[in-house]
Structure formats: C-alpha cells, structure tokens
Amino acid sequence: MPLGVVMVGMAAVAWWPAFTLGAWGEVFFDDILGFWAASTAAFVFVLLERRRVWGRLGRAAVLLVPTVWLVLNFLVDDDSDNVAIALVDLAALLVVLLCVPFTLWVLLRIVWPDFIDRTPKRRRWLIVAVVGGIVVIAYVLGLNQAHFLTCDDFAVSGNSLPPGCVQGSGG
C-alpha cells in the first residue's frame, strides 16, 4: 500500500473533527460515535489476533477507553458531583490525546500488517507530521472561519452557524 494513500486517508478523516473543534468549540456527535465504532471494531480485532496475550490485552484496553467514556456519559449526569464529572472529562481527554492516535495506528496495522517492516522510520514520522500538521491547520482554520467563510456557507452545507460567522459574501 503506498504511503500517500495512508497519508491522504488519515488526513481526510482527521481534518473535519479538528475544524469543528476550532469553529464550534466541540467535536460533533457523529464524529465521536464514528470514532467509537472504529475503536470498538479494532478492539474486537485485537482480541482475536494471534499474538501474545499481554500485548493484545494492553492494546485492547486502550481501544476500550472510548466505550468507557460513552458508558460514563450514561452514568454521570449534570447533577453529579465534581468527582464524577472529572472522571468523564478525564476519559474524554484520554480519548482525544491517547486513543484517537492509537486507534488510527491500530487500524493502519490492520489494513497494512507489514507497515512497520516495509516502511522506514523517517517515512512513518513523515505521515505523523503531515497528518498532525493538517489537524492543527484545520483547527486554526476553524478558529478563523469568519475570515474566509460566511454564515451562508454553513447554512447551505446543512451545518449550524458557528459563533462568530459573518453575514454577506465570503472572503
């Protein structure tokens, strides 16, 4: 599998959640649940792999964090004490910082099992740098959407209007 396909595919998936985080200050539920579905499928795959049990269990535990976060959201409501809300927030932080990159890595290894063996370390870091750069740029674009998009652009696309969108013709 060519590296370009991996890089483009990962960037195509990652840019929108980063943009929405910048524009609306949150990642939308459909992106979150899509990620949960991918991590759950990867969780099942990892459990069924023919590898050492301890290595599988460690990877499976990380892939299970989005499910734990989802369950915590059912169990903890807005009237809960600060400790319960802090646990939900901590799980959400773990999902974003640890589980999203790890799930992408596991999915890549599922699709391309000999990726490590066939790809020099320098090229692997190139993929990380390019996709990470696109995520950061998409987030900054979301923060600054008023400079190149209008409220009409969001309305026509079926999205809600983000805070700070501008009326009139686009930039």
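Everything quoted here is computed from the prediction, not taken from an experiment.

**Student:** Can you tell me about the pattern of salt bridges, naming the residues and giving the values?
**Tutor:** Opposite charge on two side chains allows them to pair when their charged atoms are near. Considering all chains together, one arrives at two salt bridges under this definition. Between Asp114 and Arg118 there is a salt bridge, with the nearest N and O atoms lying 2.4 Å from each other. Overall, Asp114 belongs to the partly exposed group, its relative accessible area being 26%.

**Student:** An account of the packing of helix α2 (residues 29-48) against helix α3 (residues 53-75) is needed here, citing residue identities and associated values.
**Tutor:** The geometry of α2 relative to α3 is characterised by a closest axis approach of 9 Å and an angle of 150° between their N-to-C directions. As the angle between them shows, α2 and α3 are arranged roughly antiparallel. Where α2 crosses over α3, the two elements pack in a sense that is left-handed. Across the interface between the two elements, Ile32, Leu33, Phe35, Trp36, Ser39, Thr40, Ala42, Phe43, Val46 and Leu47 from α2 touch Arg56, Leu57, Arg59, Ala60, Leu63, Leu64, Pro66, Thr67, Trp69 and Leu70 from α3.

**Student:** How would you summarise the side chain of Gln145 if you had to cite specific residues and measurements?
**Tutor:** Within the fold, Gln145 resides in the loop between α6 (121-143) and α7 (151-156). Accessibility expressed as a relative area gives 2% for Gln145, which makes it buried. In contact with Gln145, not counting residues within four places along its chain, are Phe19, Ala23, Phe154, Pro162, Pro163, Gly164 and Cys165.

**Student:** How would you explain α3 if you had to name every residue and give the values?
**Tutor:** Given 3.6 residues per turn, any residue in an α-helix points the same way as the ones three and four places further on. Over its 23 residues, α3 extends 31 Å from the first C-alpha to the last, a length consistent with the 33 Å expected when each residue adds 1.5 Å. Of all bends in α3, the biggest is about 35°, found at Val65, and the proline Pro66 comes one to four residues later. Those residues of α3 lying buried are Arg56, Ala60, Val62, Leu63, Val65, Pro66, Trp69 and Leu72. Considering only its buried residues, α3 is in contact with α2 and α4 (82-111).

**Student:** Go over the state of the cysteines, please, and point to the residues and values.
**Tutor:** Inspection of every chain in the model, using the stated rule, returns one disulfide. Sulfur-sulfur distance for the disulfide between Cys151 and Cys165 comes to 2.0 Å. Every disulfide takes its handedness from the sign of the S-S torsion; for Cys151 and Cys165 that torsion is 95°, giving right-handed. Here the residue Cys151 occupies a position in helix α7, and Cys165 occupies one in the segment after α7, the gap between them amounting to 14 residues. With respect to class, Cys151 is no different from Cys165; both count as buried.

**Student:** So what's going on with the confidence of the model for the chain? Which residues, and what values?
**Tutor:** Detailed reading of the predicted model is not advised wherever pLDDT is low. Of the residues in the chain, 98% reach a pLDDT of 70 or more, and the chain-wide mean stands at 86. Across the chain, α7 holds the top mean pLDDT of 94, while α4 sits lowest at 78.

**Student:** Please give an account of the packing of aromatic side chains that cites residues and values.
**Tutor:** Taken as a whole and assessed by the stated rule, the structure comprises 10 aromatic pairs. Relative to Phe115, the ring of Trp105 has its centre 5.7 Å away and its plane inclined at 75°; by these criteria the two rings are edge-to-face. With Trp105 in helix α4 and Phe115 in helix α5 (residues 115-118), the pair connects residues that are 10 residues apart, well separated along the chain. Exposure remark for Trp105: the relative accessible area of 33% places this residue in the partly exposed category. Put simply, the rings of Trp15, Trp16, Phe19, Trp24, Phe28 and Phe154 touch in pairs and so form one group of aromatic residues.

Parameters and conventions
- The residue numbering used here restarts from 1 in each chain and proceeds along that chain's sequence as written.
- pLDDT decides what is reported in this predicted model: residues at 70 or higher carry local features, side-chain atom pairs at 80 or more are listed and counted, and totals for whole chains, interfaces and linings draw on all residues regardless.
- With hydrogens and water set aside, each side-chain value is computed from the structure's full complement of heavy atoms.
- By definition, a salt bridge exists where a carboxyl oxygen of Asp or Glu is found within 4 Å of a side-chain nitrogen of Lys or Arg.
- Type-normalised accessible area, obtained with a 1.4 Å probe on protein chains alone, sets the label of each residue: buried when under 20%, exposed when over 50%, and partly exposed for intermediate values.
- Here an axis means a line fitted to C-alpha atoms, over the contact stretch when the element is a helix, while the angle between two N-to-C directions is reported on a 0 to 180 degree scale.
- Only runs of H or I of at least four residues qualify as helices and only runs of E of at least two qualify as strands under DSSP, and these elements are numbered from the N terminus.
- Angle categories: roughly parallel below 35 degrees, roughly antiparallel above 145, roughly perpendicular from 65 to 115, and oblique for all the rest.
- The sense of a crossing depends on the near helix, which, turned anticlockwise from the far helix by less than a right angle, makes the crossing left-handed and, turned clockwise, makes it right-handed.
- Any pair of residues with heavy atoms lying within 4.5 Å of one another is described as a contacting pair.
- In a helix, the anticipated span is given by 1.5 Å times the number of residues less one.
- Fitting axes to the seven residues that end at a residue and to the seven that start at it, the angle between those axes gives the bend at that residue.
- Throughout, disulfides are identified as pairs of cysteine sulfur atoms within 2.5 Å of each other.
- Along the chain, pLDDT gives the predictor's confidence residue by residue, from 0 to 100.
- By convention, a stacked pair of Phe, Tyr or Trp rings (six-membered ring in the case of Trp) has centres within 6.5 Å and planes under 30 degrees apart, an edge-to-face pair has planes over 60 apart, and any other such pair is tilted.

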